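Each chain is listed here by its residues.
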2 protein chains.
Amino acid sequence: MTATTDSNPYNRTMSTRPARTSRRTVYDELRRRVIGLDLGPGAPLSENELAAELGVSRTPIREALIMLAQDGLVQVFPKVGTFVSRVDAQRVADAQFLREAVELASLDDIPAVPDPELVRELRDNIARQELVEADVDQFFVLDEQFHQGLLRLANHGGTWPSVVAAKAHLDRARRLGLHDRPLHDFTLQHAQVLEALLEGGAAQARPLMRAHLRAVFDDIERLRARSPELFAPSVGQPTRRNIAVWE
Amino acid sequence: MTATTDSNPYNRTMSTRPARTSRRTVYDELRRRVIGLDLGPGAPLSENELAAELGVSRTPIREALIMLAQDGLVQVFPKVGTFVSRVDAQRVADAQFLREAVELASLDDIPAVPDPELVRELRDNIARQELVEADVDQFFVLDEQFHQGLLRLANHGGTWPSVVAAKAHLDRARRLGLHDRPLHDFTLQHAQVLEALLEGGAAQARPLMRAHLRAVFDDIERLRARSPELFAPSVGQPTRRNIAVWE
DNA sequence: AGTACACCTCTTGTATACAAGCAGTCCCGA
DNA sequence: TCGGGACTGCTTGTATACAAGAGGTGTACT
């Protein structure tokens, strides 16, 4: 699970602890399911069912769903139902665009002599990426730490939550394919970006970074060409599920 | 007020109407108050008081506050209180960075022959800006329509919600100053950006756009230099207000 | 005077009850 | 056979009751 969701630096309070409310737990869990496609695009979500399953009342469920709706991961139709958002090609493209814009622009703001402590963390991160064999989840955690680290290098770590929000839609689209491109391709790209950055600055790192980000998006676009039905436009409102089962 | 908040194109459903729930009304109202500084940074928000004032129960109030918390406009401390977020200099800088990155990058994606209908709208928008005398709110609406229009020109209208979220923090910071820079300065910059774009493409428009966006940020930075106390870091948790008043 | 401590009132978090509405089903009638 | 309308189950929206904790306040004791 990507535990970096709430790494919003502005929501830290330093003096008070994380305050793990039930709502937060539900939010994290549902977000994980949506991004991980345990809950497929268009799937209906019943507040009552979720409440029963997760062992809490409707209140924290509702509040978590509201947060997910703000993230664009679910859609709430009053008096009708709540549904996992469809994977919309336009939305995925917008997410890619935003992420690319922010991450590329941040390269220009990285100081000539970057924070050595952060650089050390990044190198260490890459070293650990190289040790990952096939654990995709583990790799994703490291991948997120790496990209967030680059933003922090530019002193723009505060934009990470926005990037993560966009990334959620990209990750979901990517998982539709299930294809297992070798993880080491990405690790190599990460290493190349970092070295180019430290050697030649933003000018040299930029094209590599763009290529790296585009590699992910190109995977998605290939998938879309192959299986367009997965990217049905989200305009069609969902149908109510048939429940029945008086058991 | 800027009514463009819910212009998220993905949340449209075409078939169902906007569904104006009470929660939405409360959210819009509180957001307006926070950005308009009717509710100053650090101000305490009591769910009970708001419920009484706005004539609804705690439920829609809570849910609206949760949405505002996700926007970073308020902070909720469990069992302690809810407070309007401080205007944090780092956060404002991050918002500026994100907005700049997205809006500048979008220029590169504007087609050589842009949608003539959208161009007409943009020209019309500028014409109306020129007619605005001193109505700041009216100007803000046109300003947002203009910037959103440019994004749509690049077929990246879907990123507008993210830009608006960042812009909220910028606007709030800007209002701390209350200074009335002539609106026509901005109108002129808008016109110059659009003309440069249509004449010479992204290459010519980019520096003008950057200058325009920076002009706003520079105002904020000047204000910060003059009145640093307004930008107190948000780490310090607020103090509980004294209520008393047995009346 | 200073300090420890019980208290008391506020806060948000959670659970539950009720309201309102959409939509599929089923039955009845033409 | 086909159409229409009441019915019935669900859905989310809102209101309210209760739980649990944080922290200011005042008092009593040293």
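**Student:** Please explain the overall build of chain A as it appears in this structure.
**Tutor:** Scanning chain A for helices and strands turns up 8 helices and 3 strands. Listing each helix as α and each strand as β along chain A from the N terminus yields α-β-α-α-β-β-α-α-α-α-α. For chain A, restricting intrachain contacts to residue pairs at least 6 apart in sequence, the fraction spanning at least 24 positions comes to 75%. Working note: accessible area of chain A is about 12000 Å², and carbon and sulfur atoms make up 53% of it.

**Student:** Any chance you could explain the sheet that holds strand β3 (residues 81–84) of chain A here in plain terms?
**Tutor:** Backbone-to-backbone hydrogen bonds join strands into a sheet, with any given pair of strands oriented parallel or antiparallel. Residue and element names in this part refer to chain A. Across the sheet, 3 strands lie side by side as β1-β3-β2; this open sheet has antiparallel pairing. The open sheet is flanked by β1 (44–45) and β2 (74–77), the only strands paired with a single partner. Where β2 meets β3, 4 bridges bridge the pair, whose relative direction is antiparallel. Each bridged residue has a counterpart across the sheet, and for Val76 the counterpart in β3 is Thr82.

**Student:** I would appreciate a short explanation of the protein's contact with DNA strand C in the present structure.
**Tutor:** In the vicinity of DNA strand C, 28 residues are found, and the nearest of them are A:Ser22, A:Ser57, A:Thr59, B:Arg58 and B:Arg62. Atoms of DNA strand C within 4 Å of the protein belong to the sugar or the phosphate in 65% of instances, the rest to bases. Residue B:Leu45 places a main-chain N or O atom 3.1 Å away from a phosphate oxygen belonging to DNA strand C. Among the elements that make up the surface near DNA strand C, the one with the highest residue count is helix α3 (residues 58–71) of chain A (3 residues).

**Student:** Looking at this structure, how should I read the environment of A:Phe97?
**Tutor:** Of note, A:Phe97 is situated in helix α4 (residues 89–108). With relative accessibility at 9%, the residue A:Phe97 sits in the buried group. Placed 120 residues apart in sequence, A:Phe97 and A:Phe217 show a C-alpha to C-alpha distance of 9.8 Å. For A:Phe97, the contacting residues outside a window of four places in its chain are B:Val102, B:Ala105, B:Ser106, B:Asp109, B:His156 and B:Thr159.

**Student:** I'm lost on helix α2 (residues 47–54) of chain B in this one. Help?
**Tutor:** One full turn of an α-helix is made of 3.6 residues, so residues set three or four places apart face in the same direction. Residue and element names in this part refer to chain B. Inspection of α2 places Glu47, Leu50 and Ala51 among the buried residues, and these make up the whole buried set. Taken down its axis, α2 places every buried residue within 100° of arc, on the same side. Of the exposed residues in α2, the ones pointing more than 90 degrees away from its buried face are Asn48 and Ala52. The positive-phi residue at the C-terminal boundary of α2 is Gly55, with phi of around 75°.

**Student:** Even after reading the chapter, I still don't get the pattern of salt bridges, so can you show me in this structure?
**Tutor:** Opposite charge on two side chains lets them pair, provided their charged atoms get close. This model, assessed by the stated rule, comprises 48 salt bridges over all chains. For B:Asp171, the salt bridge is made with B:Arg174, and the minimal N-O distance between the two is 3.5 Å. Pair noted here: B:Asp171 and B:Arg174 are both in helix α7 (residues 160–175), with a separation of 3 residues, about one helical turn. The exposure class of B:Asp171 is buried, given its relative accessible area of 6%. A cluster of three or more residues bridged by salt bridges with shared partners is formed by A:Arg23, A:Glu63, B:Glu47, B:Arg58 and B:Arg62.

**Student:** Whenever I open this one, unusual backbone geometry confuses me. Can you help?
**Tutor:** Trans is the common state for peptide bonds, and a negative phi is the common state for residues other than glycine. You will see that A:Leu37, though not glycine, has its phi angle at about 65°, which is positive. Secondary-structure assignment places A:Leu37 in the loop between α1 (22–35) and β1. Phi at B:Asn155 takes a positive value of approximately 65°, unusual for a residue other than glycine. Mapped onto the elements, B:Asn155 comes out in the loop between α6 (136–153) and α7.

**Student:** Just to check I follow, could you spell out the layout of surface pockets for this structure?
**Tutor:** Empty space within the second largest pocket amounts to approximately 570 Å³. In this structure, the second largest pocket is lined by 28 residues; those nearest its centre are A:Ala101, A:Ala105, B:Ala101, B:Ala105 and B:Arg206. Contributing elements (two or more residues each) for the lining of the second largest pocket: α4 and α8 (183–226) of chain A together with α4 (89–108) and α8 (183–226) of chain B. Considered class by class, the residues forming the lining of the second largest pocket number 12 nonpolar, 4 polar and 12 charged.

**Student:** Whenever I open this one, the sheet that holds strand β3 (residues 81–84) of chain B confuses me. Can you help?
**Tutor:** All names here are of chain B. An order of β1-β3-β2 is seen for the 3 strands of this open sheet, with the pairing classed as antiparallel. Of all the strands in the sheet, the pair left with one neighbour each is β1 (44–45) and β2 (74–77). Where β1 meets β3, 2 bridges bridge the pair, whose relative direction is antiparallel. When the sheet's bridge partners are listed, Leu45 is paired in β3 with Thr82.

**Student:** What's the story with the packing of aromatic side chains in this structure? I'm lost.
**Tutor:** In this description, an aromatic ring pair is defined by two values, namely the gap between the centres and the angle between the planes. All names here are of chain A. A complete count under the given rule lists 2 aromatic pairs over all chains for this structure. With centroids separated by 5.8 Å and ring planes inclined at 70°, the aromatic side chains of Phe77 and Phe83 adopt a geometry described as edge-to-face. Looking at Phe77, the relative accessible area reads 8%, which means it is buried. The exposure class assigned to Phe83 is buried, which follows from its relative accessible area of 3%. The aromatic ring of Phe186 is capped on one face by Arg174, whose charged end is 5.9 Å from the ring centroid.

**Student:** What is the right way to read the packing of α1(A) against α3(A) from this model?
**Tutor:** The description of two packed helices rests on the angle between their axes and on the distance between the axes. Residue and element names in this part refer to chain A. Close contact between α1 and α3 brings their axes to 8 Å; oriented N to C, the two are set at 50°. On the basis of their axis angle, the class for α1 and α3 is oblique. Note that α1 runs across α3; the crossing there is right-handed. Along its contact with α1, which presents Ser22, Arg23, Val26, Tyr27, Leu30 and Arg31, the element α3 presents Pro60, Ile61, Glu63, Ala64, Leu65, Met67, Leu68 and Asp71. Classifying every residue of the contact of α1 with α3 gives 9 nonpolar, 1 polar and 4 charged.

**Student:** Whenever I open this one, α1(A) confuses me. Can you help?
**Tutor:** Given a rise of 1.5 Å per residue, 14 residues ought to cover 20 Å, and the 20 Å separating the end C-alpha atoms of α1(A) matches this to within 8%. Every buried residue belonging to α1(A) is among A:Arg23, A:Val26, A:Tyr27, A:Asp28, A:Leu30, A:Arg31, A:Arg33, A:Val34 and A:Ile35, and all of these are buried. Those residues of α1(A) that are buried are in contact with α2 (47–54), α3, β3 and α7 (160–175) of chain A together with α3 (58–71) of chain B. Residue A:Leu37 follows α1(A) closely and has a positive phi angle near 65°.

Quick notes on the rules
One numbering rule holds for all chains: residues counted from 1, following each sequence as written. Each chain gets a letter, beginning with A, and each ligand a number, beginning with 1, in the order they are written. Whole-chain, interface and lining totals are the exception, using all residues; otherwise, since this is a predicted model, local features are given only for residues with pLDDT of at least 70 and side-chain atom pairs are given and counted only at 80 or more. The basis for every side-chain value is the complete set of heavy atoms in the structure, and neither hydrogens nor water enter the calculation. Numbering of helices and strands starts at the N terminus; helices are DSSP runs of H or I of at least 4 residues and strands are runs of E of at least 2. Any two residues having at least one pair of non-hydrogen atoms within 4.5 Å are treated as being in contact. The Shrake-Rupley method, run with a 1.4 Å probe sphere, supplies the accessible areas, and residue values consider only the shown protein chains as cover. Strands are treated as partners if at least two bridges between them are detected by DSSP. Throughout, the term near means that a residue has one or more heavy atoms lying within 4 Å of the molecule or strand in question. Under this definition, polar contacts are N or O atom pairs within 3.5 Å; protein pairs additionally need one hydrogen-donor-capable and one acceptor-capable atom, and for neighbouring residues in sequence, both atoms have to be side-chain atoms. Burial classes follow relative accessibility: with a 1.4 Å probe on protein chains only, a residue under 20% of its type's maximum area counts as buried, one over 50% as exposed, and anything between as partly exposed. What the arc describes is the spread of directions from the helix axis to the C-beta atoms. Here, a salt bridge means any Lys or Arg side-chain nitrogen found within 4 Å of an Asp or Glu carboxyl oxygen. Every definition here rests on a 1 Å grid over the protein atoms only: cavities are sets of points where a 1.4 Å probe fits but cannot get out, pockets are open sets enclosed by protein on both sides within 12 Å along at least five of seven lines, and lining residues have some atom within 4 Å of a point. Grid points are joined across faces, edges and corners, and a volume is the space filled by probe spheres set on the points. Classes in brief: Ala, Val, Leu, Ile, Met, Phe, Trp, Tyr, Cys and Pro nonpolar; Asp, Glu, Lys and Arg charged; the others, Gly included, polar. Each Phe, Tyr or Trp ring (for Trp, its six-membered ring) is paired with any other whose centre lies within 6.5 Å, and the angle between the two planes then decides the class: stacked below 30 degrees, edge-to-face above 60, tilted in between. To sit over a ring, a charge needs its Lys NZ or Arg CZ within 6 Å of the ring centre and within 35 degrees of the ring normal. To get an axis, fit a line to the C-alpha atoms, keeping to the stretch in contact for a helix; angles then go from 0 to 180 degrees between the N-to-C directions. Angle categories: roughly parallel below 35 degrees, roughly antiparallel above 145, roughly perpendicular from 65 to 115, and oblique for all the rest. Working rule for handedness: look at the near helix, and if it is turned counterclockwise from the far one by less than a right angle, call the crossing left-handed; if clockwise, right-handed. Between the first and last residue of a helix there are one fewer steps than residues, each counted as 1.5 Å, and that sum is the expected span.

Honestly, it's all geometry; don't read function into it.
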